[in-house]
Every structure is written in structure tokens, then in C-alpha cells.
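The chain contents come next:
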Amino acid sequence: GKSKNGRTFLASSSPLRRAKQKKLSKIEKMVAADPILSLFEFYNSNLSVASASIGQVYKARIKRGPALEAAIGKLEAAKWGGKTVAIKIQRPDVAAAASLDMYLLRRTAIWLSKFRGGDLVGISDT
């Protein structure tokens, strides 16, 4: 379309089109699908503030309201509602990755114990 001064503007500038084009982030999808995570309002444009090998940490505010009261009781909801907290969310594939890591560690220990001796398998299993 054209504006009053004759300049062309992008059709994608319409609010409806922008809403359709916006893709939900992973955290937004997780929050929408999880009744516990939906109790929080995430800050920092839903970007993590820290990261670790098995998860990511997000800054969030505990939402006040009936859902929080139903989850933790009216008295606790009054105490905790509105507080800013850190939420650590475990990566969804962490259990499979840890299992594979342990399997590879054990296989390596079996192979090394042939050359070095000792109970490397027993050590790797603990």
C-alpha cells in the first residue's frame, strides 16, 4: 500500500500479518504446554540468563492469581506472588545424552583396563 506522501510501506507491517509471522520461542512453547511454567512471567525476552550442561536459567516473576493459589495455597501465594526468581529448566534431551555419555565412558574403561589394569570399569560405574 501507499502512505499519504506516496512512499510504499511493507504489507508485513500490518499487526495481523506480524502476529501470524511471529514464531514462538522454545521457552514460550514450553510455558504454553506446562501448567507449572505458566505460573511464571519470564523476563529478558524469554532468553536465558545463564546456561549449564544440563539446562538453562531464566529470570522470571511468579504470577499472582488463582492458579498460584490453587498450586501452593492462598497463604503461600500471598507470600510468593510477584517475587522475582531464577528458573532452571532442564534440557529435554539430557537423560538420553547422559545415558550415551555413561555408556561411552564404560566402554572406554573396559578398553583401557586391558592395557592399564585395575578396576576402571568399577570406577566408571560410580
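One can find the structure itself at the top, above this paragraph.
The rules we used
- Residues numbered from 1 in each chain as written.
- Predicted model: local features only at pLDDT ≥ 70, side-chain atom pairs only at ≥ 80, totals over all residues.
- Heavy atoms only, no water.
- Salt bridge = Lys/Arg side-chain N within 4 Å of Asp/Glu carboxyl O.
- Helix = DSSP H or I, 4+ residues; strand = E, 2+ residues; numbered from the N terminus.
- Buried < 20%, exposed > 50% of the residue type's maximum accessible area, 1.4 Å probe, protein only.
- 1 Å grid on protein atoms, 1.4 Å probe; cavity = no way out; pocket = protein on both sides within 12 Å on 5 of 7 lines; lining within 4 Å.
- Points joined across faces, edges and corners; volume = space filled by probe spheres on them.
- Contact = heavy atoms within 4.5 Å.
- Core = buried A, V, L, I, M, F, W, Y, C linked by side-chain atoms within 4.5 Å.
- Phe/Tyr/Trp six-rings, centres within 6.5 Å; stacked < 30°, edge-to-face > 60°.
- Lys NZ or Arg CZ within 6 Å of the ring centre and 35° of its normal.

**Some remarks on the pattern of salt bridges**
Taken as a whole and judged by the stated rule, the model has one salt bridge. For the salt bridge of Glu 41 with Arg 61, the shortest nitrogen-to-oxygen distance reads 2.4 Å. Of this pair, Glu 41 sits in strand 1 (residues 40-42) while Arg 61 sits in strand 3 (residues 55-62); the two residues are 20 residues apart in sequence, bridging distant segments of the chain. In this structure Glu 41 comes out as partly exposed when scored by relative accessible area, which is 35%. Owing to a relative accessible area of 23%, Arg 61 belongs among the partly exposed residues under this scheme.

**Side note on the layout of surface pockets**
Reported here for the largest pocket is a volume of approximately 230 Å³. As for the largest pocket, its lining consists of Ser 25, Lys 26, Ile 27, Met 30, Asn 46, Leu 47, Gln 56, Tyr 58, Ile 89, Gln 90, Arg 91 and Pro 92. Every element with two or more residues in the lining of the largest pocket is listed here: helix 2 (26-33), strand 3 and strand 4 (84-90). Looking at the lining of the largest pocket element by element, the count peaks at three residues for helix 2.

**Digging into the environment of Leu 112**
Note on placement: Leu 112 falls in helix 5 (residues 94-116). By relative accessible area, which is 37% here, Leu 112 ends up partly exposed. Excluding its chain neighbours within four sequence positions, the residues that come into contact with Leu 112 are Gly 117 and Leu 120.

**So, the nonpolar core**
Note that soluble globular proteins tend to have their nonpolar side chains buried in a common cluster. The biggest cluster of nonpolar side chains holds 13 residues, and the ones touching the most others in it are Ile 27, Leu 37, Phe 40, Phe 42, Ile 87 and Ile 89. For this core, the secondary-structure elements that each account for two or more residues are helix 2, strand 1, strand 3 and strand 4. If one sorts the elements of this core by residue count, strand 3 sits on top with three residues. The contacts of Leu 37, once residues within four sequence positions are left out, are Met 30, Val 31, Phe 42, Ile 87 and Ile 89.

**Describing the packing of aromatic side chains**
Considering all chains together, one arrives at two aromatic pairs under this definition. Ring centres 5.8 Å apart and planes at 85° place the aromatic pair Phe 42 and Tyr 58 in the edge-to-face group. Taken together, the residues Phe 42 in strand 1 and Tyr 58 in strand 3 connect sequence positions 16 residues apart. For Tyr 58, a relative accessible area of 9% gives the class buried. Between Trp 111 and Phe 115, the ring centres sit 5.0 Å apart and the planes meet at 70°, which makes this aromatic pair edge-to-face. Taken together, the residues Trp 111 and Phe 115, both in helix 5 and four residues apart, mark about one turn of the helix. One residue, Lys 83, lies across the ring of Trp 80, its end atom 6.0 Å from the ring centre.

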